[in-house]
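Analysis of the macromolecular model
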Amino acid sequence: MDKKKTGRGHFTGSLGFVMAAAGSAIGLGNLWKFPYVAGISGGGLFIVFYLIFALVLGIPIMLSEMAVGRKTQLNAIGAFRSIDKKWSFVGVLEIACAFIILSYYSVVGGWVMKYIGSYLTGANVSDGAAFDTFVSSPVQPVIWHLLFMAVTVVVVIGGVQKGIETCSKWLLPLLFVLLIGVVVRSVTLPGSMEGLKFLFVPDTALLSDPKALIDSIVLAMGQVFFSLSLGLGIAITYGSYLKKDTNITKDTCTVVGLDTLMALLAGMAIMPAVFSFGMEPTGGPGLIFKTLPAVFDSMPLGRFFGLAFFFLVFIAALTSAIALLEVVTSFFIDTFHWRRRTATLVMGGLMALIGVFASLSMGPLSGFTIGGMNLFDAMGFLTDKILMPLAALATCLFVGHVWGVGKVTEEVERCGKRFAIRRVYGFLIRWVAPTLIAVIFVMGLIGG
Ligand code: PFF
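What counts, and where the lines are drawn
Residues numbered from 1 in each chain as written. Predicted model: local features only at pLDDT ≥ 70, side-chain atom pairs only at ≥ 80, totals over all residues. Near = placed C-beta within 6 Å. Helix = DSSP H or I, 4+ residues; strand = E, 2+ residues; numbered from the N terminus. Expected span 1.5 Å × (residues − 1). Buried ≥ 20, exposed ≤ 12 C-beta atoms within 10 Å, placed from the backbone. Core = buried A, V, L, I, M, F, W, Y, C linked by C-beta atoms within 7 Å. Axes fitted to C-alpha atoms, helices over the stretch in contact; angles between N-to-C directions. Parallel < 35°, antiparallel > 145°, perpendicular 65-115°, else oblique. Left-handed = near helix turned anticlockwise from the far one by under 90°. Contact = placed C-beta atoms within 7 Å. Nonpolar A, V, L, I, M, F, W, Y, C, P; charged D, E, K, R; others polar.

1. Looking at the site of the ligand
Around the ligand sit 16 residues in total, of which G27, G29, S229, L232 and S320 are the nearest. Mapped by element, the contributors of at least two residues to the shell around the ligand are helix 1 (14-25), helix 2 (28-40), helix 5 (88-121), helix 10 (210-227) and helix 14 (302-336).

Shown next as structure tokens:
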């Protein structure tokens with residue numbers, strides 16, 4: 001089983017791999033979604049749930065995916081199929097999920113590009129109302145979305161492995177440094193303490209409001225899956241490019257740690273500023289686009305920092321979008337033997353089309369709702385609350401009860417080190433994670 005498939009590349013080393021995996025994980029989920037979701041679902045308490053889920057669900061599931069990927073050296077569907085044919089459906093679920101995510105992810109990626117454009121042309125970017133007008137207008141956001149998708153498609157057609165690695169290795173540290181800079185500015189603004197309190201001090205009022213509490217738990221779990229790119233075969237695919245002597249336990253912890261750090265930093269960059277400028281912390285998807293430009297405007301060299309910041313957000317979004325498109329196209333290439341160019345163009349084109357409707361659903365098509373949500377929100381609901389938990393649940397059951405903890409241990413110990421957390425891991429992946437996901441999944445459906 002261990003035969004190496006010819007022609008498969010390898011990451012040059014652990015650092016390259018960690019950076020690439022972190023590059024796929026760190027994206028709009030951390031910088032755009034985390035702060036606003038924390039804002040609408042209880043601040044500090046949401047963060048507590050998030051951290052617990054990252055620890056007991058994020059780490060074991062990512063480690064499992066990496067082990068499956070490195071063992072089989074195959075893409076997500078091929079990997080499941082090669083171990084047990086009956087489980088190929090998990091791969092199909094994952095592809096469907098990646099397809100839907102990228103359709104709306106690209107819309108937000110387009111907003112980021114528009115901000116870069118505005119900074120470059122000297123347009124006014126710190127007027128919050130302008131953002132609302134922009135996203136709900138029928139033409140502009142659609143064009144930016146198509147542009148973002150086009151860039152993603154071009155990169156994926158070109159083949160990405162080396163590019164992703166190099167790009168992530170240099171630009172992620174830069175994003176980190178810049179983010180720290182923004183955090184420092186943000187927490188030194190007058191009145192910023194309230195923002196930090198909102199973010200970190202658990203709001204106990206939530207404990208007496210069962211509906212809000214359940215919402216917060218459900219959102220925190222979905223956010224962990226989304227942010228860590230779990231249940232989409234990313235770690236399987238990237239793990240398949242790994243050399244046998246890498247320590248995947250350590251790599252998993254590093255990726256989860258970096259991703260969580262970036263999310264927290266994004267929260268700390270945004271929330272203090274929100275409070276300082278007297279804005280609404282529950283402002284939703286527009287939070288990063290309305291607040292941060294105002295922060296930059298209040299700094300010396302603000303426009304330069306604003307431009308640099310949105311450029312790095314763009315790179316972070318692009319590396320994630322590339323991973324999403326790659327998951328979808330590699331399925332069509334491997335399974336139906338499509339040519340890479342055809343698969344990328346057809347799938348990218350379809351997602352672009354659906355994304356157009358997602359974008360319009362915030363403006364001209366806002367009257368069209370599914371279960372009370374516009375299309376953009378409904379897509380997020382479907383992926384975060386239904387498809388990702390289902391795929392993650394299936395992954396836990398598959399690895400814990402079909403492939404087996406023994407096989408994971410064998411794969412983990414290939415690096416020569418003992419799998420010290422084996423018992424904890426086994427308990428989490430076999431019992432805790434599936435039960436937790438199943439319970440929260442049902443709560444999410446009942447709670448809406
Ligand atoms: N984890 C990415 C983010 O936080 O923005 C989004 C993502 C990328 C999800 C790739 C899933 C994925 F396969």
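Read on for the rest.
2. Structural notes on helix 5
Between its terminal C-alpha atoms helix 5 stretches 49 Å, which fits the 50 Å expected from 34 residues at 1.5 Å a residue. Within helix 5, 25 of the 34 residues are buried, leaving the element largely enclosed by the surrounding structure. Residue G122 follows helix 5 closely and has a positive phi angle near 80°.

3. A word on the nonpolar core
If you look at the biggest cluster of nonpolar residues, it comprises 159 residues, and the most contacted ones within it are M62, A98, L324 and V327. Among the elements that take part in this core, helix 5 stands out by supplying 18 residues, more than any other.

4. Considering helix 10
With 18 residues, helix 10 should reach 26 Å at 1.5 Å per residue; the first-to-last C-alpha distance of 25 Å fits that figure. Within helix 10, 13 of the 18 residues are buried, which leaves the element mostly enclosed by the surrounding structure. S229 sits one or two positions beyond helix 10 and adopts a positive phi of about 55°.

5. Some details on the packing of helix 3 (residues 44-72) against helix 10
One can describe the packing of helix 3 onto helix 10 by two numbers: an axis separation of 8 Å at closest approach and a directional angle of 45°. Relative to helix 10, the element helix 3 is oriented oblique. Considering how the two elements wind past one another, helix 3 and helix 10 form a crossing that is right-handed. Between helix 3 and helix 10, the residues in contact are L45, F46, F49, Y50, F53, A54, L57 and G58 and S216, I217, L219, A220, M221, Q223 and V224, respectively. Considered class by class, the residues forming the contact of helix 3 with helix 10 number 12 nonpolar, 3 polar and no charged.

6. Overview of unusual backbone geometry
Most peptide bonds take the trans form, and the phi angle of most residues other than glycine is negative. Backbone geometry places S229, a non-glycine residue, at a positive phi of 55°. With respect to the helices, strands and loops of the structure, S229 is situated in the loop between helix 10 and helix 11 (234-239). Of note in the backbone geometry, L301 takes a positive phi value of approximately 60° without being a glycine. Residue position: L301 is located in the loop between helix 13 (287-297) and helix 14. Given 9 C-beta atoms within 10 Å, L301 falls into the exposed group.

7. Here's the deal with the packing of helix 9 (residues 193-200) against helix 12 (residues 248-276)
Axis angle and axis distance: for two packed helices, these are the angle between their axes and the distance between the axes, and together they describe the pair. Close contact between helix 9 and helix 12 brings their axes to 7 Å; oriented N to C, the two are set at 130°. It follows from the interaxial angle that helix 9 and helix 12 lie oblique. Our pair here, helix 9 against helix 12, has a crossing hand that is right-handed. Residues E194, G195, L196, F198 and L199 of helix 9 touch helix 12, and the partners they reach there are G267, M268, M271, P272, A273, V274, F275 and S276. Within the contact of helix 9 with helix 12, the residues separate by chemical class into 9 nonpolar, 3 polar and 1 charged.

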